Amino acid sequence: MISRVALQLALLLFTGAGVMANEVPNRGADFFNTPERFNRYYTDPQYSPSRTYFVSPNGAGTGSLTSPMSVSDAVNQVSAGEEIRFLPGQYQGCWQLDGNNSGTYDAPVVLKAEPGVEIDCCNTGRQTCFNLEFADHVAIDGFTLRGGHYGVRAVGGYATGDHQTGVAILNNRISNQYRDPIFSGGSDWIVVENNVAYGAGSGDGHGIYLSNGGDWMIVRNNETYDNVSSDFQVNADPISTCADEGIPYDDPLCDGSALNGLGAGISEFLLIENNYFHDSAVGPNLTSVRNSVFRNNIVGFYTRHGTSFWQETSNPNLGSAGNTVEHNLFIGESGSHVLQFINHSSNNIVRNNVLLAVSRSDTGVTARSDTLLLEQDSTTEGGNSFAGNFFSGGYFEWFTPAPSDLRDTDFDPSWFINFPVAGVTGTPEAFKPAINAPITAAGALLSTTPKDRAGAVRIYPTDLGPWQITLPDPCTLVVETVADTRRVECDSLQVPEGYTVATGGDVTFVANYFINFGNGFRVMNGGIVQAQAGAGIAPP
(Lines give C-alpha, C1' and ligand atoms only; values in the text may rest on other atoms or scores of the structure.)
Protein backbone atom coordinates (compact mmCIF):
# COMPACT_ATOMS: atom_id res chain seq x y z
CA MET A 1 0.00 0.00 0.00
CA ILE A 2 1.30 3.48 -0.82
CA SER A 3 1.42 6.17 1.84
CA ARG A 4 -1.31 8.74 2.35
CA VAL A 5 0.96 11.47 0.98
CA ALA A 6 1.63 9.41 -2.12
CA LEU A 7 -2.07 8.73 -2.46
CA GLN A 8 -2.87 12.43 -2.59
CA LEU A 9 -0.27 12.90 -5.30
CA ALA A 10 -1.71 9.96 -7.23
CA LEU A 11 -5.16 11.53 -7.46
CA LEU A 12 -5.71 13.48 -10.65
CA LEU A 13 -7.82 16.36 -9.39
CA PHE A 14 -9.97 18.39 -11.73
CA THR A 15 -12.63 21.03 -11.20
CA GLY A 16 -15.53 21.60 -13.50
CA ALA A 17 -15.79 25.38 -13.18
CA GLY A 18 -12.19 26.49 -12.90
CA VAL A 19 -11.05 29.65 -11.13
CA MET A 20 -13.11 32.70 -12.02
CA ALA A 21 -11.61 36.07 -12.72
CA ASN A 22 -13.21 37.55 -9.61
CA GLU A 23 -12.01 34.89 -7.15
CA VAL A 24 -9.32 35.67 -4.59
CA PRO A 25 -6.20 34.93 -6.64
CA ASN A 26 -3.19 32.80 -5.95
CA ARG A 27 0.16 34.50 -6.15
CA GLY A 28 0.69 35.72 -9.72
CA ALA A 29 -2.80 34.73 -10.92
CA ASP A 30 -5.40 37.03 -12.48
CA PHE A 31 -7.95 39.11 -10.62
CA PHE A 32 -10.73 40.49 -12.83
CA ASN A 33 -8.60 39.41 -15.81
CA THR A 34 -5.62 41.48 -14.64
CA PRO A 35 -2.39 40.03 -13.18
CA GLU A 36 -2.64 40.53 -9.43
CA ARG A 37 -0.50 43.08 -7.57
CA PHE A 38 -1.69 42.37 -4.04
CA ASN A 39 0.46 41.99 -0.96
CA ARG A 40 2.64 38.87 -1.00
CA TYR A 41 2.00 38.41 2.72
CA TYR A 42 -1.65 37.84 1.70
CA THR A 43 -1.25 35.79 -1.48
CA ASP A 44 1.84 33.65 -0.75
CA PRO A 45 1.48 31.12 2.11
CA GLN A 46 5.22 30.42 1.87
CA TYR A 47 6.26 34.04 2.41
CA SER A 48 8.59 34.81 5.32
CA PRO A 49 10.35 38.11 6.09
CA SER A 50 14.06 38.61 5.59
CA ARG A 51 14.31 40.14 9.07
CA THR A 52 12.04 40.62 12.08
CA TYR A 53 12.19 43.53 14.54
CA PHE A 54 10.54 42.66 17.87
CA VAL A 55 8.93 45.58 19.70
CA SER A 56 7.22 46.03 23.06
CA PRO A 57 5.42 48.89 24.87
CA ASN A 58 8.56 49.84 26.80
CA GLY A 59 11.15 48.40 24.43
CA ALA A 60 14.60 50.03 24.31
CA GLY A 61 16.74 47.15 23.09
CA THR A 62 18.23 45.84 19.86
CA GLY A 63 15.04 44.42 18.38
CA SER A 64 15.61 40.76 19.16
CA LEU A 65 12.97 38.61 20.83
CA THR A 66 14.81 38.85 24.15
CA SER A 67 15.70 42.53 23.71
CA PRO A 68 12.75 44.22 21.97
CA MET A 69 13.05 47.79 20.72
CA SER A 70 10.53 50.61 20.66
CA VAL A 71 7.96 50.79 17.88
CA SER A 72 9.35 54.15 16.70
CA ASP A 73 12.88 52.77 16.39
CA ALA A 74 11.61 49.84 14.33
CA VAL A 75 9.44 52.00 12.06
CA ASN A 76 12.39 54.34 11.42
CA GLN A 77 14.56 51.56 10.04
CA VAL A 78 12.22 48.93 8.59
CA SER A 79 12.59 48.36 4.86
CA ALA A 80 11.17 46.15 2.10
CA GLY A 81 10.93 42.49 3.02
CA GLU A 82 11.08 43.07 6.78
CA GLU A 83 8.57 42.62 9.59
CA ILE A 84 7.85 44.49 12.81
CA ARG A 85 6.47 42.01 15.36
CA PHE A 86 4.52 43.54 18.26
CA LEU A 87 4.82 41.57 21.48
CA PRO A 88 1.76 41.44 23.78
CA GLY A 89 0.94 44.51 25.81
CA GLN A 90 -0.81 47.88 25.99
CA TYR A 91 0.61 50.46 23.56
CA GLN A 92 -0.11 54.14 23.01
CA GLY A 93 0.87 56.11 19.94
CA CYS A 94 0.67 56.71 16.21
CA TRP A 95 3.15 55.57 13.57
CA GLN A 96 3.59 56.36 9.89
CA LEU A 97 5.16 54.62 6.92
CA ASP A 98 5.74 56.47 3.64
CA GLY A 99 7.48 55.95 0.32
CA ASN A 100 10.87 55.86 2.02
CA ASN A 101 10.11 52.72 4.02
CA SER A 102 7.42 50.92 2.06
CA GLY A 103 7.54 47.45 0.59
CA THR A 104 7.60 46.03 -2.92
CA TYR A 105 5.54 43.40 -4.71
CA ASP A 106 8.06 40.68 -3.86
CA ALA A 107 9.14 42.08 -0.50
CA PRO A 108 6.31 43.64 1.55
CA VAL A 109 6.64 45.38 4.90
CA VAL A 110 4.62 43.58 7.58
CA LEU A 111 3.31 44.95 10.88
CA LYS A 112 2.21 41.88 12.82
CA ALA A 113 0.65 41.68 16.29
CA GLU A 114 1.00 38.80 18.68
CA PRO A 115 -2.24 37.94 20.52
CA GLY A 116 -2.87 40.48 23.26
CA VAL A 117 -1.60 43.59 21.48
CA GLU A 118 -3.83 46.62 22.11
CA ILE A 119 -3.09 50.17 20.94
CA ASP A 120 -4.74 53.42 22.01
CA CYS A 121 -4.35 55.77 19.05
CA CYS A 122 -2.81 59.18 19.75
CA ASN A 123 -4.55 62.58 19.64
CA THR A 124 -1.90 64.53 17.70
CA GLY A 125 -1.15 64.97 13.99
CA ARG A 126 -3.23 62.62 11.83
CA GLN A 127 -4.42 60.96 15.05
CA THR A 128 -4.06 57.60 13.32
CA CYS A 129 -2.62 54.43 14.83
CA PHE A 130 -1.10 53.36 11.50
CA ASN A 131 -0.86 55.99 8.77
CA LEU A 132 0.38 54.80 5.36
CA GLU A 133 1.21 57.83 3.19
CA PHE A 134 2.15 56.64 -0.33
CA ALA A 135 3.52 53.47 1.30
CA ASP A 136 3.16 50.47 -1.02
CA HIS A 137 2.83 46.78 -0.16
CA VAL A 138 2.36 47.05 3.60
CA ALA A 139 0.41 44.48 5.65
CA ILE A 140 -1.17 45.27 9.04
CA ASP A 141 -2.31 42.10 10.79
CA GLY A 142 -3.91 41.18 14.09
CA PHE A 143 -4.18 44.43 16.10
CA THR A 144 -6.76 45.84 18.48
CA LEU A 145 -6.87 49.59 17.79
CA ARG A 146 -8.95 52.10 19.75
CA GLY A 147 -9.68 55.81 19.46
CA GLY A 148 -8.04 58.60 17.50
CA HIS A 149 -9.42 59.84 14.21
CA TYR A 150 -8.54 56.69 12.22
CA GLY A 151 -7.40 53.23 13.10
CA VAL A 152 -5.66 52.50 9.79
CA ARG A 153 -5.37 55.18 7.09
CA ALA A 154 -3.86 54.25 3.70
CA VAL A 155 -3.63 56.93 0.99
CA GLY A 156 -2.02 57.68 -2.35
CA GLY A 157 -2.57 60.41 -4.93
CA TYR A 158 -5.70 61.38 -6.84
CA ALA A 159 -4.37 60.58 -10.33
CA THR A 160 -4.65 56.89 -11.21
CA GLY A 161 -0.91 56.70 -11.86
CA ASP A 162 -0.19 58.10 -8.38
CA HIS A 163 -2.23 55.56 -6.46
CA GLN A 164 -0.82 53.59 -3.58
CA THR A 165 -0.52 49.82 -4.22
CA GLY A 166 -0.72 46.58 -2.29
CA VAL A 167 -1.91 47.38 1.24
CA ALA A 168 -3.41 44.50 3.26
CA ILE A 169 -5.46 45.21 6.41
CA LEU A 170 -6.14 41.83 8.02
CA ASN A 171 -7.61 40.34 11.20
CA ASN A 172 -7.88 43.58 13.19
CA ARG A 173 -10.44 44.80 15.70
CA ILE A 174 -10.76 48.59 15.37
CA SER A 175 -13.20 50.77 17.27
CA ASN A 176 -14.31 54.15 18.59
CA GLN A 177 -12.52 56.41 16.13
CA TYR A 178 -13.83 59.95 15.64
CA ARG A 179 -13.84 59.30 11.90
CA ASP A 180 -13.19 55.90 10.33
CA PRO A 181 -11.72 52.70 11.76
CA ILE A 182 -10.44 51.82 8.26
CA PHE A 183 -9.92 54.49 5.61
CA SER A 184 -8.23 54.44 2.20
CA GLY A 185 -7.86 57.02 -0.56
CA GLY A 186 -6.36 56.45 -3.99
CA SER A 187 -5.30 52.95 -2.98
CA ASP A 188 -5.20 50.11 -5.55
CA TRP A 189 -4.86 46.38 -4.93
CA ILE A 190 -5.94 46.81 -1.31
CA VAL A 191 -7.29 43.95 0.82
CA VAL A 192 -9.55 44.53 3.82
CA GLU A 193 -10.30 41.10 5.30
CA ASN A 194 -11.43 39.54 8.59
CA ASN A 195 -11.69 42.87 10.42
CA VAL A 196 -14.26 44.08 12.93
CA ALA A 197 -14.85 47.84 12.66
CA TYR A 198 -17.37 49.55 14.92
CA GLY A 199 -18.15 52.66 16.93
CA ALA A 200 -17.12 55.18 14.24
CA GLY A 201 -18.00 58.59 15.59
CA SER A 202 -19.43 61.98 14.84
CA GLY A 203 -16.71 62.99 12.35
CA ASP A 204 -18.85 61.39 9.62
CA GLY A 205 -17.55 58.05 10.83
CA HIS A 206 -17.83 55.01 8.55
CA GLY A 207 -16.88 51.48 9.49
CA ILE A 208 -14.84 50.94 6.32
CA TYR A 209 -14.38 53.86 3.88
CA LEU A 210 -12.57 53.33 0.56
CA SER A 211 -12.31 56.61 -1.35
CA ASN A 212 -10.73 58.59 -4.19
CA GLY A 213 -11.06 56.17 -7.07
CA GLY A 214 -9.13 53.14 -5.78
CA ASP A 215 -9.28 50.05 -8.01
CA TRP A 216 -8.78 46.29 -7.67
CA MET A 217 -9.89 45.80 -4.07
CA ILE A 218 -10.95 42.86 -1.91
CA VAL A 219 -13.34 43.43 1.01
CA ARG A 220 -14.32 40.12 2.58
CA ASN A 221 -15.27 38.46 5.86
CA ASN A 222 -15.52 41.78 7.74
CA GLU A 223 -18.06 42.86 10.33
CA THR A 224 -19.13 46.48 10.81
CA TYR A 225 -21.74 47.86 13.20
CA ASP A 226 -22.70 50.76 15.48
CA ASN A 227 -21.28 53.41 13.14
CA VAL A 228 -22.63 56.97 12.92
CA SER A 229 -22.56 57.02 9.12
CA SER A 230 -22.36 54.25 6.53
CA ASP A 231 -21.16 50.85 7.68
CA PHE A 232 -19.29 50.43 4.40
CA GLN A 233 -18.65 53.14 1.83
CA VAL A 234 -16.89 53.19 -1.51
CA ASN A 235 -16.85 56.71 -2.89
CA ALA A 236 -14.70 57.32 -5.95
CA ASP A 237 -15.32 61.01 -5.19
CA PRO A 238 -15.06 62.59 -8.65
CA ILE A 239 -15.75 65.96 -7.04
CA SER A 240 -12.32 65.81 -5.39
CA THR A 241 -10.42 63.62 -7.85
CA CYS A 242 -11.70 65.35 -11.00
CA ALA A 243 -13.62 68.64 -10.56
CA ASP A 244 -11.35 70.09 -7.89
CA GLU A 245 -8.34 69.14 -10.03
CA GLY A 246 -9.74 70.94 -13.11
CA ILE A 247 -10.65 67.69 -14.93
CA PRO A 248 -14.13 67.61 -16.53
CA TYR A 249 -16.32 64.73 -15.46
CA ASP A 250 -16.60 63.50 -19.06
CA ASP A 251 -12.82 63.53 -19.63
CA PRO A 252 -11.45 59.95 -19.82
CA LEU A 253 -8.99 60.96 -17.11
CA CYS A 254 -12.09 61.04 -14.91
CA ASP A 255 -14.55 58.49 -16.36
CA GLY A 256 -12.25 56.20 -18.38
CA SER A 257 -11.16 52.68 -17.55
CA ALA A 258 -8.58 51.76 -14.95
CA LEU A 259 -7.39 49.15 -17.45
CA ASN A 260 -6.03 52.06 -19.47
CA GLY A 261 -4.62 53.96 -16.50
CA LEU A 262 -7.61 56.32 -16.52
CA GLY A 263 -10.76 56.87 -14.47
CA ALA A 264 -9.70 58.87 -11.41
CA GLY A 265 -13.42 59.39 -10.68
CA ILE A 266 -14.33 55.71 -10.77
CA SER A 267 -13.63 52.71 -8.52
CA GLU A 268 -13.45 49.47 -10.50
CA PHE A 269 -12.87 45.75 -9.98
CA LEU A 270 -13.92 45.25 -6.36
CA LEU A 271 -14.75 41.88 -4.80
CA ILE A 272 -17.04 42.52 -1.81
CA GLU A 273 -18.11 39.23 -0.29
CA ASN A 274 -19.06 37.39 2.89
CA ASN A 275 -19.30 40.55 5.00
CA TYR A 276 -21.76 41.27 7.82
CA PHE A 277 -22.79 44.95 7.71
CA HIS A 278 -25.41 45.63 10.37
CA ASP A 279 -27.06 47.73 13.05
CA SER A 280 -25.77 51.19 12.18
CA ALA A 281 -27.28 54.40 10.83
CA VAL A 282 -26.71 53.79 7.10
CA GLY A 283 -26.08 50.71 4.97
CA PRO A 284 -23.40 50.31 2.30
CA ASN A 285 -22.95 53.21 -0.13
CA LEU A 286 -21.37 52.29 -3.47
CA THR A 287 -20.78 55.55 -5.32
CA SER A 288 -19.32 55.55 -8.85
CA VAL A 289 -18.39 51.86 -8.55
CA ARG A 290 -18.13 49.86 -11.78
CA ASN A 291 -17.49 46.28 -12.89
CA SER A 292 -17.46 44.86 -9.38
CA VAL A 293 -18.97 41.91 -7.48
CA PHE A 294 -21.11 42.22 -4.33
CA ARG A 295 -22.09 38.74 -3.12
CA ASN A 296 -22.87 36.60 -0.06
CA ASN A 297 -23.17 39.61 2.25
CA ILE A 298 -25.63 40.07 5.11
CA VAL A 299 -26.82 43.68 5.28
CA GLY A 300 -29.45 45.08 7.55
CA PHE A 301 -31.20 46.91 10.38
CA TYR A 302 -30.45 50.57 9.65
CA THR A 303 -32.11 53.58 11.23
CA ARG A 304 -31.83 55.61 8.01
CA HIS A 305 -31.50 53.58 4.81
CA GLY A 306 -29.98 50.44 3.34
CA THR A 307 -27.69 49.76 0.38
CA SER A 308 -27.25 52.32 -2.42
CA PHE A 309 -25.69 52.11 -5.87
CA TRP A 310 -25.54 55.70 -7.10
CA GLN A 311 -23.29 58.67 -8.00
CA GLU A 312 -22.89 62.39 -7.29
CA THR A 313 -22.57 63.91 -10.80
CA SER A 314 -24.68 64.32 -13.93
CA ASN A 315 -22.28 62.31 -16.13
CA PRO A 316 -23.97 58.97 -16.93
CA ASN A 317 -20.57 57.28 -17.25
CA LEU A 318 -19.90 57.85 -13.55
CA GLY A 319 -22.90 55.82 -12.39
CA SER A 320 -22.39 52.62 -10.40
CA ALA A 321 -22.73 50.31 -13.39
CA GLY A 322 -21.77 46.88 -14.65
CA ASN A 323 -21.82 45.32 -11.19
CA THR A 324 -22.90 41.82 -10.17
CA VAL A 325 -25.08 41.70 -7.04
CA GLU A 326 -25.85 38.10 -6.08
CA HIS A 327 -26.88 35.93 -3.13
CA ASN A 328 -27.05 38.73 -0.56
CA LEU A 329 -29.51 39.19 2.28
CA PHE A 330 -30.80 42.79 2.52
CA ILE A 331 -33.01 43.67 5.51
CA GLY A 332 -34.85 46.95 6.14
CA GLU A 333 -36.96 48.07 9.06
CA SER A 334 -37.21 51.83 8.42
CA GLY A 335 -39.37 53.53 5.83
CA SER A 336 -36.38 54.24 3.58
CA HIS A 337 -35.00 52.03 0.82
CA VAL A 338 -33.51 48.60 1.42
CA LEU A 339 -31.75 48.49 -1.98
CA GLN A 340 -31.38 51.35 -4.44
CA PHE A 341 -30.09 51.92 -8.00
CA ILE A 342 -30.34 55.57 -9.09
CA ASN A 343 -28.65 58.27 -11.21
CA HIS A 344 -27.52 56.19 -14.19
CA SER A 345 -26.48 53.20 -12.08
CA SER A 346 -27.48 50.73 -14.78
CA ASN A 347 -26.32 47.52 -16.45
CA ASN A 348 -26.12 45.83 -13.08
CA ILE A 349 -27.03 42.14 -12.67
CA VAL A 350 -29.12 41.50 -9.54
CA ARG A 351 -29.86 37.82 -8.92
CA ASN A 352 -30.74 35.34 -6.16
CA ASN A 353 -30.86 37.98 -3.41
CA VAL A 354 -33.29 38.04 -0.49
CA LEU A 355 -34.85 41.42 0.39
CA LEU A 356 -36.92 41.70 3.56
CA ALA A 357 -38.99 44.58 4.94
CA VAL A 358 -39.72 43.80 8.58
CA SER A 359 -41.03 45.31 11.77
CA ARG A 360 -39.51 43.96 14.99
CA SER A 361 -40.75 44.02 18.55
CA ASP A 362 -39.14 42.42 21.57
CA THR A 363 -41.31 39.36 21.05
CA GLY A 364 -41.64 38.87 17.30
CA VAL A 365 -41.04 39.94 13.71
CA THR A 366 -43.63 40.69 11.05
CA ALA A 367 -43.65 42.06 7.51
CA ARG A 368 -43.61 45.84 7.09
CA SER A 369 -45.58 47.17 4.14
CA ASP A 370 -44.39 50.81 4.16
CA THR A 371 -40.66 50.10 3.67
CA LEU A 372 -39.28 50.96 0.24
CA LEU A 373 -37.92 47.54 -0.65
CA LEU A 374 -36.28 48.35 -3.98
CA GLU A 375 -35.90 51.80 -5.52
CA GLN A 376 -34.91 52.90 -9.01
CA ASP A 377 -35.48 56.17 -10.85
CA SER A 378 -36.17 57.33 -14.40
CA THR A 379 -32.51 56.89 -15.36
CA THR A 380 -32.35 53.25 -14.24
CA GLU A 381 -35.84 51.83 -14.79
CA GLY A 382 -35.44 48.94 -17.22
CA GLY A 383 -31.67 49.40 -17.22
CA ASN A 384 -30.75 46.68 -14.72
CA SER A 385 -31.26 42.92 -14.93
CA PHE A 386 -33.18 41.21 -12.12
CA ALA A 387 -33.81 37.48 -11.78
CA GLY A 388 -34.54 34.96 -9.05
CA ASN A 389 -34.75 37.45 -6.16
CA PHE A 390 -37.08 36.98 -3.17
CA PHE A 391 -39.06 39.98 -1.88
CA SER A 392 -40.94 39.97 1.43
CA GLY A 393 -43.14 42.89 2.52
CA GLY A 394 -42.47 46.45 1.39
CA TYR A 395 -43.17 48.24 -1.87
CA PHE A 396 -41.26 49.35 -4.99
CA GLU A 397 -40.51 52.53 -6.93
CA TRP A 398 -39.69 52.50 -10.65
CA PHE A 399 -39.39 48.73 -10.43
CA THR A 400 -41.55 45.69 -11.12
CA PRO A 401 -40.30 42.22 -10.09
CA ALA A 402 -39.17 40.01 -12.97
CA PRO A 403 -41.16 36.85 -13.82
CA SER A 404 -38.52 34.71 -12.10
CA ASP A 405 -38.54 36.83 -8.92
CA LEU A 406 -40.56 35.59 -5.93
CA ARG A 407 -42.89 37.89 -3.97
CA ASP A 408 -44.50 37.40 -0.56
CA THR A 409 -46.31 40.19 1.25
CA ASP A 410 -45.87 38.33 4.54
CA PHE A 411 -42.81 37.42 6.60
CA ASP A 412 -42.33 34.48 8.92
CA PRO A 413 -39.27 34.48 11.21
CA SER A 414 -39.38 30.68 11.19
CA TRP A 415 -37.96 30.88 7.67
CA PHE A 416 -34.62 31.43 9.41
CA ILE A 417 -32.69 29.59 12.12
CA ASN A 418 -32.85 32.38 14.71
CA PHE A 419 -34.04 35.65 13.20
CA PRO A 420 -33.38 38.37 15.83
CA VAL A 421 -36.16 40.31 17.51
CA ALA A 422 -35.79 43.97 18.51
CA GLY A 423 -32.89 44.62 20.85
CA VAL A 424 -31.05 41.47 19.80
CA THR A 425 -28.02 41.41 17.51
CA GLY A 426 -28.02 38.26 15.42
CA THR A 427 -24.93 36.33 14.41
CA PRO A 428 -24.45 35.64 10.69
CA GLU A 429 -25.51 32.03 11.35
CA ALA A 430 -28.84 33.26 12.74
CA PHE A 431 -29.80 34.19 9.17
CA LYS A 432 -29.36 30.70 7.76
CA PRO A 433 -32.61 29.56 6.16
CA ALA A 434 -34.58 26.78 7.80
CA ILE A 435 -35.30 23.61 5.87
CA ASN A 436 -38.24 24.11 3.48
CA ALA A 437 -38.17 27.92 3.80
CA PRO A 438 -39.42 29.59 0.61
CA ILE A 439 -35.87 30.70 -0.24
CA THR A 440 -34.40 27.17 -0.22
CA ALA A 441 -33.94 25.24 -3.48
CA ALA A 442 -35.62 28.16 -5.25
CA GLY A 443 -33.04 29.62 -7.64
CA ALA A 444 -30.85 29.02 -10.64
CA LEU A 445 -27.25 27.91 -10.09
CA LEU A 446 -24.98 30.84 -10.93
CA SER A 447 -21.43 30.30 -12.13
CA THR A 448 -20.49 33.72 -10.71
CA THR A 449 -21.36 32.68 -7.13
CA PRO A 450 -20.55 28.96 -6.91
CA LYS A 451 -20.15 28.87 -3.11
CA ASP A 452 -21.93 30.38 -0.12
CA ARG A 453 -20.39 32.70 2.48
CA ALA A 454 -18.91 29.74 4.41
CA GLY A 455 -17.52 28.00 1.33
CA ALA A 456 -20.31 25.44 0.94
CA VAL A 457 -20.84 24.43 -2.68
CA ARG A 458 -24.10 25.56 -4.23
CA ILE A 459 -26.19 23.02 -6.10
CA TYR A 460 -29.17 23.23 -8.45
CA PRO A 461 -31.76 24.35 -7.52
CA THR A 462 -29.82 26.64 -5.24
CA ASP A 463 -30.81 28.40 -2.03
CA LEU A 464 -31.33 32.15 -2.31
CA GLY A 465 -29.37 34.57 -0.14
CA PRO A 466 -25.89 34.11 1.33
CA TRP A 467 -26.29 30.65 2.87
CA GLN A 468 -26.52 27.27 1.14
CA ILE A 469 -28.06 24.61 3.40
CA THR A 470 -29.50 22.34 0.71
CA LEU A 471 -26.88 19.76 -0.23
CA PRO A 472 -27.01 16.75 -2.55
CA ASP A 473 -27.60 13.33 -1.06
CA PRO A 474 -24.31 11.47 -1.44
CA CYS A 475 -24.22 8.07 -3.11
CA THR A 476 -22.42 5.77 -0.69
CA LEU A 477 -20.35 3.02 -2.25
CA VAL A 478 -20.14 -0.45 -0.75
CA VAL A 479 -16.92 -1.60 0.86
CA GLU A 480 -15.06 -3.62 -1.78
CA THR A 481 -11.73 -4.36 -3.42
CA VAL A 482 -11.48 -3.30 -7.05
CA ALA A 483 -8.93 -4.96 -9.33
CA ASP A 484 -10.42 -4.03 -12.73
CA THR A 485 -11.33 -0.84 -14.59
CA ARG A 486 -14.27 0.96 -12.96
CA ARG A 487 -16.06 4.29 -13.52
CA VAL A 488 -18.37 5.56 -10.78
CA GLU A 489 -20.61 8.57 -11.43
CA CYS A 490 -22.99 10.36 -9.08
CA ASP A 491 -23.96 13.89 -8.00
CA SER A 492 -21.79 13.43 -4.91
CA LEU A 493 -19.77 10.46 -3.74
CA GLN A 494 -18.93 9.11 -0.30
CA VAL A 495 -16.13 6.57 -0.69
CA PRO A 496 -16.20 4.42 2.47
CA GLU A 497 -13.53 3.18 4.80
CA GLY A 498 -12.30 -0.17 3.52
CA TYR A 499 -12.76 0.63 -0.17
CA THR A 500 -9.52 -0.63 -1.79
CA VAL A 501 -8.08 -0.20 -5.25
CA ALA A 502 -5.88 -3.25 -5.69
CA THR A 503 -2.95 -3.86 -8.01
CA GLY A 504 -4.30 -3.63 -11.54
CA GLY A 505 -7.31 -1.60 -10.44
CA ASP A 506 -8.10 1.61 -12.35
CA VAL A 507 -11.01 3.54 -10.80
CA THR A 508 -12.40 6.86 -11.97
CA PHE A 509 -14.76 8.72 -9.64
CA VAL A 510 -16.89 11.43 -11.27
CA ALA A 511 -19.21 13.75 -9.31
CA ASN A 512 -21.04 16.93 -10.17
CA TYR A 513 -20.44 18.40 -6.72
CA PHE A 514 -18.03 16.70 -4.33
CA ILE A 515 -16.20 13.48 -3.45
CA ASN A 516 -15.25 12.48 0.10
CA PHE A 517 -12.85 9.63 0.78
CA GLY A 518 -13.13 7.70 4.05
CA ASN A 519 -10.06 7.53 6.29
CA GLY A 520 -9.55 3.84 5.51
CA PHE A 521 -9.73 4.20 1.71
CA ARG A 522 -6.67 2.41 0.28
CA VAL A 523 -4.79 2.26 -3.00
CA MET A 524 -2.35 -0.63 -3.37
CA ASN A 525 0.92 -0.40 -5.29
CA GLY A 526 0.03 -0.35 -8.98
CA GLY A 527 -3.51 0.84 -8.38
CA ILE A 528 -4.73 3.99 -10.17
CA VAL A 529 -7.33 6.48 -8.96
CA GLN A 530 -8.67 9.40 -10.92
CA ALA A 531 -11.18 11.79 -9.39
CA GLN A 532 -13.12 14.52 -11.14
CA ALA A 533 -15.49 16.79 -9.22
CA GLY A 534 -17.30 19.95 -10.17
CA ALA A 535 -16.77 21.56 -6.77
CA GLY A 536 -14.22 19.84 -4.59
CA ILE A 537 -12.45 16.68 -3.51
CA ALA A 538 -11.58 15.76 0.05
CA PRO A 539 -8.82 13.12 0.12
CA PRO A 540 -8.30 10.99 3.24
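These notes cover the structure that comes with them. A quick note: this is a predicted structure, and the numbers were derived from the prediction, not measured. (Residues numbered from 1 in each chain as written. Predicted model: local features only at pLDDT ≥ 70, side-chain atom pairs only at ≥ 80, totals over all residues. Heavy atoms only, no water.)

### Topic: the pairing of strand 46 (residues 485-495)
Two strands pair when backbone bridges link them, and strand 44 (residues 475-476) and strand 46 are joined in this way by two bridges, in the parallel orientation. By the bridge assignment for strand 46, T476 is matched with Q494. Here strand 46 runs beside strand 48 (residues 506-517); their pairing, made up of 10 bridges, is parallel. In the sheet register, E489 faces strand 48, and the bridge partner there is V510. (Pairing = 2+ DSSP bridges. Helix = DSSP H or I, 4+ residues; strand = E, 2+ residues; numbered from the N terminus.)

### A few points about the sheet that holds strand 49 (residues 522-523)
Pairing within the open sheet is parallel, and its three strands lie in the order 45-47-49. Since the sheet does not close on itself, it has two edges, and those belong to strand 45 (481-482) and strand 49, each with one partner.

### Thoughts on the nonpolar core
The biggest cluster of nonpolar side chains holds 66 residues, and the ones touching the most others in it are F86, I119, F130 and F143. Leave out the neighbours within four places in its chain, and I119 touches F86, Y91, G93, W95, C129, F130, F143, T144, L145 and R146. The next biggest cluster of nonpolar side chains, apart from the first, holds 21 residues, and it includes L356, V358, W415 and A437. (Core = buried A, V, L, I, M, F, W, Y, C linked by side-chain atoms within 4.5 Å. Buried < 20%, exposed > 50% of the residue type's maximum accessible area, 1.4 Å probe, protein only. Contact = heavy atoms within 4.5 Å.)

### Points about the side chain of N348
The residue N348 is located in the loop between strand 35 (339-341) and strand 36 (349-351) in this model. You can call N348 buried: its relative accessible area is 1%. When sequence neighbours within four positions are dropped, the list of residues in contact with N348 reads S320, A321, G322, N323, F341, G383, N384 and S385.

### Regarding the state of the cysteines
Within the structure shown, the criterion is met by four disulfides. The disulfide bridge from C121 ends at C129, spanning 2.0 Å between sulfur atoms. A torsion of -105° about the S-S bond marks the disulfide between C121 and C129 as left-handed. With respect to class, C121 is no different from C129; both count as buried. Each bonded cysteine of the chain gets a number by its place in the sequence, and the pairs then read 1-3, 2-4, 5-6, 7-8. (Disulfide = S-S within 2.5 Å.)

### A few points about the pattern of salt bridges
Between side chains of opposite charge, a pair can form when the charged atoms approach closely. Taken as a whole and assessed by the stated rule, the structure comprises 21 salt bridges. Between E118 and R146 there is a salt bridge, with the nearest N and O atoms lying 3.0 Å from each other. Linking E118 in strand 9 (residues 117-120) with R146 in strand 12 (residues 144-146), this pair joins segments that are 28 residues apart in sequence. A residue is classified by how much of its surface remains accessible, and E118, at 25% relative accessible area, is partly exposed. When its relative accessible area of 26% is taken as the criterion, R146 is described as partly exposed. A salt bridge links R290 to E268; its shortest N-O distance comes to 3.5 Å. On the criterion of sequence distance, the pair formed by R290 in strand 29 (residues 289-290) and E268 in strand 25 (residues 267-268) is long-range, its members being 22 residues apart. (Salt bridge = Lys/Arg side-chain N within 4 Å of Asp/Glu carboxyl O.)

### Considering the packing of aromatic side chains
Here the structure, examined in full by the defined rule, presents 40 aromatic pairs. Ring centres of F301 and F419 lie 6.0 Å apart, and the angle between their planes is 75°; on these two criteria the pair is classed as edge-to-face. Pair noted here: F301 is in strand 31 (residues 298-305) and F419 is in the loop between strand 43 (406-408) and strand 44, with a separation of 118 residues, a long-range link. Each of the two residues, F301 as well as F419, counts as buried. For the pair F517 and F521, a centre-to-centre distance of 4.8 Å together with 45° between the ring planes defines the contact as tilted. The rings of Y276, F301, F390, F411, W415, F416, F419 and F431 are connected pair by pair, giving a single aromatic cluster. Between R360 and the ring centre of F301, over which it is positioned, the NZ or CZ distance is 3.7 Å. (Phe/Tyr/Trp six-rings, centres within 6.5 Å; stacked < 30°, edge-to-face > 60°. Lys NZ or Arg CZ within 6 Å of the ring centre and 35° of its normal.)

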